[in-house]
Amino acid sequence: MPEIIQRTAEEQFYIPENIYASSIRIAYFDSLSRIAPKGQKERFNLKKADALLYAGRTVEAIKILEDLWAKSNRSALRYELDAHEEEKIGPLLAVAYMRLGEQQNCIHHHKASASCIIPIDPEGYHQAPEGSRKAIALYEKFLSQDYHDYSSRWLLNIAYMTLGEYPEGVPEKWLIPESVFESEYPLKKFEDIAPKLGLNVNDLSGGSIVDDFNNDNLLDVLVSSWFPSGKLNFFINDGKGGFIEKTSAAGLEEVQGGLNMLQTDYNNDGFIDVLVLRGAWMEKLGKHPNSLLRNNGDNTFTDVTIEAGLLSFHPTQTATWADFDNDGWIDLFIGNESGKDNFHPSEFYRNNGDGTFSNQTASAGLSVSNEQESYFVKGVTSADFNNDGWMDIYISTLHSSRNLLFINKGIDKKGNLKFKEEGAQRGLEEKISSFPTWSFDYNNDGWVDLFVAGYRRSNFYNIVPDIVSDYLKEPNRAETMRLYQNNNGSFTNVTSEVGLNKIGYAMGANYGDLDNDGYPDIYLSTGEVSFESIIPNRVFRNDSGEKFQDVTTAGGLGHVQKGHAVSFSDIDNDGDQDIQVVLGGAYEGDNFFNSVYLNPYQDENNWITLKLEGTKANRAAIGSKIEVTVIEDGSSRTIFHTIGSGGSFGASTLRAQIGLGKASEIKEVKIKWAGSGTTQVFTNLKLNSFYKITEGNSEAQELHLKPIVL
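The shown structure was predicted, so the numbers you read here are calculated from the model rather than taken from an experiment.

Reading the values: the criteria
- Residues numbered from 1 in each chain as written.
- Predicted model: local features only at pLDDT ≥ 70, side-chain atom pairs only at ≥ 80, totals over all residues.
- Heavy atoms only, no water.
- Helix = DSSP H or I, 4+ residues; strand = E, 2+ residues; numbered from the N terminus.
- Rg over C-alpha atoms; globule rule 2.2 N^0.38 Å.
- Buried < 20%, exposed > 50% of the residue type's maximum accessible area, 1.4 Å probe, protein only.
- Contact = heavy atoms within 4.5 Å.
- Lys, Arg positive; Asp, Glu negative; His and termini not counted.
- Charge placed at Lys NZ, Arg CZ, Asp CG, Glu CD.
- Pairing = 2+ DSSP bridges.
- Axes fitted to C-alpha atoms, helices over the stretch in contact; angles between N-to-C directions.
- Left-handed = near helix turned anticlockwise from the far one by under 90°.
- Nonpolar A, V, L, I, M, F, W, Y, C, P; charged D, E, K, R; others polar.
- UniProt positions renumbered as here; feature names shortened; annotations may be inferred.
- Core = buried A, V, L, I, M, F, W, Y, C linked by side-chain atoms within 4.5 Å.
- Disulfide = S-S within 2.5 Å.
- Parallel < 35°, antiparallel > 145°, perpendicular 65-115°, else oblique.
- Phe/Tyr/Trp six-rings, centres within 6.5 Å; stacked < 30°, edge-to-face > 60°.
- Lys NZ or Arg CZ within 6 Å of the ring centre and 35° of its normal.
- Salt bridge = Lys/Arg side-chain N within 4 Å of Asp/Glu carboxyl O.

Draft legend 1. Structural view of the overall build of the protein chain. Helix and strand counts for the protein chain come out as 11 helices and 40 strands. Radius of gyration (C-alpha) of the protein chain: 25 Å, near the 27 Å computed for a compact globule of 710 residues. The proportion of buried residues among the 710 residues of the protein chain is 63%. Restricting to contacts in the protein chain with at least 6 residues of sequence separation, those with at least 24 account for 61%. Charged side chains in the protein chain number 65 positive and 99 negative. The centres of these two groups are separated by 5 Å.

In structure tokens:
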């Protein structure tokens, strides 16, 4: 596999045609500028400057851009560049100045996330002000020429924030008022402790998994970086408040690249395995292989992609594990990105129970894309949407096509598993452009609902003008989030009713319980590839299943770097859910530090944590349903949870961490085991405790885990 991965990268990634291979493009455009005839050199110099900027060589980019900007101001480029090319110089230079300020202050002198959380605290003010000062001068020039240049207006306000001069220093006519950032609920502030733990990996966009890889009841961390040269970083929780990097010792040094990852126990040996997904966004250059990493049970992994029968070459970053045929073994669905003249059907693999998989995509009716109709799949989630005991599949797609809901029809007379697409007839007929998705029971009624984050901007180069319009409550044409409430197997769009009809321009995203009240909340890891897209992540608290409240600012969670994989987990075993976020962009110079937000709600509400182990069901218990009935304020209340890793970009722990609000006692815990159909009820479990429950065992094993001081 390492040789296959390397060869694929050389043929499809490190070539001038790939817009993300900036270093290759620098050399390419430099060579063209040297041989170009007089009158065409500056065109290639502009392209070289662009590549230098996105390679992280900002000072070199600025030198070329300042020269071009000076020539443009004296009309010396009219015969060398067309109008569109010349218009790019000023904005590109301004962004380069902004990036210089980021590099000199946020990256080279990183202090947690203070310099990148909106609103920026004094701790995060830039000590080297040159970049922001020069950017401000340009943005004010642009705005004096075009008052409605919302991209420049936004970046002007951000630049003033970095200098500690917002809002007072911003010219009033271009000010974005502080009030637009106010939270709708006073969530406690979460602290980024990644630097203290050594988990502040400084890299590009990638995936994350927080889970117990060695069965010591301590949660470990695995993060990836999407470049073919990007390594996986594997950290073992030492139980003493720290993490030890074990990448090399785990045999993971040669497993490179991967925009997303998700975990399972595919061979039912009791150890969590990993699927690494590759090729996303690359379109015709995206024929990269995925990797299945078998956990050997001794803190090492082996790439078993080929022998497991999973070697294929398609662009993807999304997949879902579930026991779709109810035989006790986890199966796999991979959503691939198809486009015009770039046909990549999705893949469905049934687990053979012997460490291998069989591709049964066609017989199951799950090809998704075909030569007549293609879907650019960006997110998938599996759940039992109609409560019939069979796991179904929801698929999120880009480019304003209809998202798809495949209902599992079970095994036919020939032994084939069958799915039928029923989205339209179940209330999911609208055409939207969307990215990450998940299934969760947001209102605790026993029916799994659907969330999907919109991902389409108006007719702008980047999303920033839409974000400004959204904050200012002005109309825009960007795609909003969607929340579909499940009504006995059919869905109703309740986005507006619950207050989520806002731009949720998320790449990574996941859900978890921020305050342990028993209602799942939303973390959106926002952004896009453009350097201008300095937009904050957004976080929404679920208010008793009735509405969602923006708590981004109050929680200190509005990070403006490119947001990717999100994982919720109780990383310090204190009963509340902390948040791991992978940051950094797609271009090789857009690196940034990952964050780990420590949850401050450990003493606020009650909770229970359950580690499930299947015997007839799949060992990891993925898809198993938990119902916790508690007494709260004298009344009975039931909280629902399904075992899984959460959203489609970022993987939360498979250990069920369930907030119980102000519950005074637990009446019962009911487990409906996925696949086997077994139901068990436990009535003697205590609040604020950890338990391991094994299918078929009538007694829950209490795990006496102590909180870890990180």
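Read on for the rest.
Draft legend 2. The sheet that holds strand β39 (residues 690-694), seen in detail. Reading across from one edge, β36-β33-β39-β40 is the order of the four strands in this open sheet, with mixed pairing throughout. Each of the sheet's edge strands pairs with one partner strand only, and the pair in question is β36 (656-661) and β40 (701-703). Ignoring strand direction, the axes of neighbouring strands in this sheet form an average angle of 30 degrees. The pairing of β39 with β40 spans three bridges and is antiparallel. Residue pairing in the sheet places Lys692 in a bridge with Gln701 of β40.

Draft legend 3. Main features of the packing of helix α4 (residues 58-73) against helix α5 (residues 83-107). At their nearest, the axes of α4 and α5 sit 9 Å apart, and the two run at 145 degrees to each other. Here α4 and α5 pass one another in a crossing that is left-handed. Counting all contacts with α4, which are made through Thr58, Val59, Ile62, Leu65, Glu66, Leu68, Trp69 and Ser72, the residues of α5 involved are Glu86, Ile89, Gly90, Leu92, Leu93, Ala96, Tyr97, Arg99, Leu100 and Gln103. Along the lines of polarity and charge, the residues of the contact of α4 with α5 split into 11 nonpolar, four polar and three charged.

Draft legend 4. Quick peek at the UniProt feature "domain: ASPIC/UnbV" (unreviewed entry) in the protein chain. The positions UniProt marks with the feature "domain: ASPIC/UnbV" (unreviewed entry) are residues 621-691. Within the segment residues 621-691, helix and strand shares are 0% and 54% respectively, and the terminal C-alpha atoms sit 14 Å apart.

Draft legend 5. Focus on the pairing of strand β8 (residues 273-277). Within β8, five of the five residues are buried, which leaves the element mostly enclosed by the surrounding structure. Alternating residues of β8 divide into Asp273, Leu275 and Leu277 and Val274 and Val276, and every residue in both groups is buried. When strand β7 (residues 260-264) meets β8, the two strands line up antiparallel, connected through five bridges. Counted as the bridge partner of Leu262 is Leu275 from β8. Looking at chain direction, β8 and strand β9 (residues 291-295) are connected through three bridges and run antiparallel. For Val274, the partnering residue across the bridge sits in β9 and is Leu293.

Draft legend 6. Up close: the nonpolar core. The biggest cluster of nonpolar side chains holds 112 residues, and the ones touching the most others in it are Tyr139, Trp154, Phe181, Leu199, Trp226, Tyr523 and Ile579. By residue number, the principal contributor to this core is α5, which donates 11 residues. The contacts of Trp226, once residues within four sequence positions are left out, are Phe13, Tyr20, Leu204, Ser205, Gly206, Gly257, Gly258, Leu259, Ala280, Met282, Gly585 and Ala586. Grouped together as the second largest cluster of nonpolar side chains are 57 residues, Leu232, Leu252, Trp321 and Val628 included.

Draft legend 7. Up close: the state of the cysteines. Under the definition given, this model contains zero disulfides. Cysteine Cys106 is unpaired, with the sulfur of Cys116 as its nearest cysteine sulfur at 3.9 Å. For Cys106, a relative accessible area of 2% gives the class buried.

Draft legend 8. Looking closely at the packing of helix α7 (residues 150-162) against helix α11 (residues 464-471). At a minimum axis distance of 8 Å, the contact between α7 and α11 shows a crossing angle of 75 degrees. Judged on the interaxial angle alone, α11 and α7 are roughly perpendicular. Note on element contacts: α11 touches α7 through Val464, Pro465, Val468, Ser469 and Tyr471, opposite Tyr150, Ser151 and Trp154. For the contact of α7 with α11, the per-class residue count stands at six nonpolar, two polar and no charged.

Draft legend 9. Quick peek at the packing of aromatic side chains. According to the stated counting rule, one finds 38 aromatic pairs in the structure shown. Ring centres 6.1 Å apart and planes at 55 degrees place the aromatic pair Trp321 and Phe357 in the tilted group. With Trp321 in strand β11 (residues 316-322) and Phe357 in strand β14 (residues 357-359), this pair connects stretches of sequence that are 36 residues apart. The exposure class assigned to Phe357 is buried, which follows from its relative accessible area of 6%. Where Phe435 meets Phe649, the ring centres are 6.3 Å apart and the plane angle is 35 degrees; that geometry is what we call tilted. Highlighted residues: Phe435 in strand β21 (residues 434-440) and Phe649 in the loop between β35 (635-642) and β36, separated in sequence by 214 residues. For Phe435, a relative accessible area of 1% translates into the label buried. On the basis of relative accessible area, Phe649 is assigned to the buried category, the value being 1%. Through pairs of rings, three or more aromatic residues link up here, namely Phe13, Tyr14, Tyr20, Tyr54, Trp226, Phe227, Phe531 and Tyr587. Cation over ring: Lys378 sits above Trp281, and NZ or CZ is 3.7 Å from the ring centre.

Draft legend 10. Structural context of the pattern of salt bridges. Taken as a whole and judged by the stated rule, the model has 38 salt bridges. Here Glu184 ties to Lys502 by a salt bridge, and the two come within 3.4 Å at their closest N and O atoms. Remark: Lys502 occurs in the loop between β24 (490-493) and β25 (506-512) and Glu184 occurs in the loop between α7 and β1 (191-192); sequence separation between them is 318 residues. The class of Glu184 is partly exposed, set by a relative accessible area of 45%. Where Glu479 meets Arg456, a salt bridge forms, and the shortest distance between an N and an O atom there is 2.7 Å.

Draft legend 11. Broad picture of the sheet that holds strand β5 (residues 233-237). Across the sheet, which stays open at both edges, the four strands sit in the order β3-β4-β5-β6 with antiparallel pairing between neighbours. Each having just a single partner strand, β3 (208-211) and β6 (243-245) make up the two edges of the open sheet. Shown here is a sheet whose adjacent strand axes are inclined to one another by a mean of 20 degrees, direction ignored. The pairing of β3 with strand β4 (residues 220-223) spans four bridges and is antiparallel. Residue Ser208 lies in a different strand from β4, and its bridge partner there is Val223.

Draft legend 12. Spotlight on the pairing of strand β23 (residues 482-487). Most of β23 sits out of view: five of its six residues are buried. In terms of strand pairing, β23 meets β24 through four bridges, oriented antiparallel. Bridge assignment links Asn486 to a residue of β24, and that residue is Phe491. Between β23 and β24, which pair antiparallel and follow one another directly, the connecting turn spans two residues, one of which, Asn488, has a positive phi of 60 degrees.

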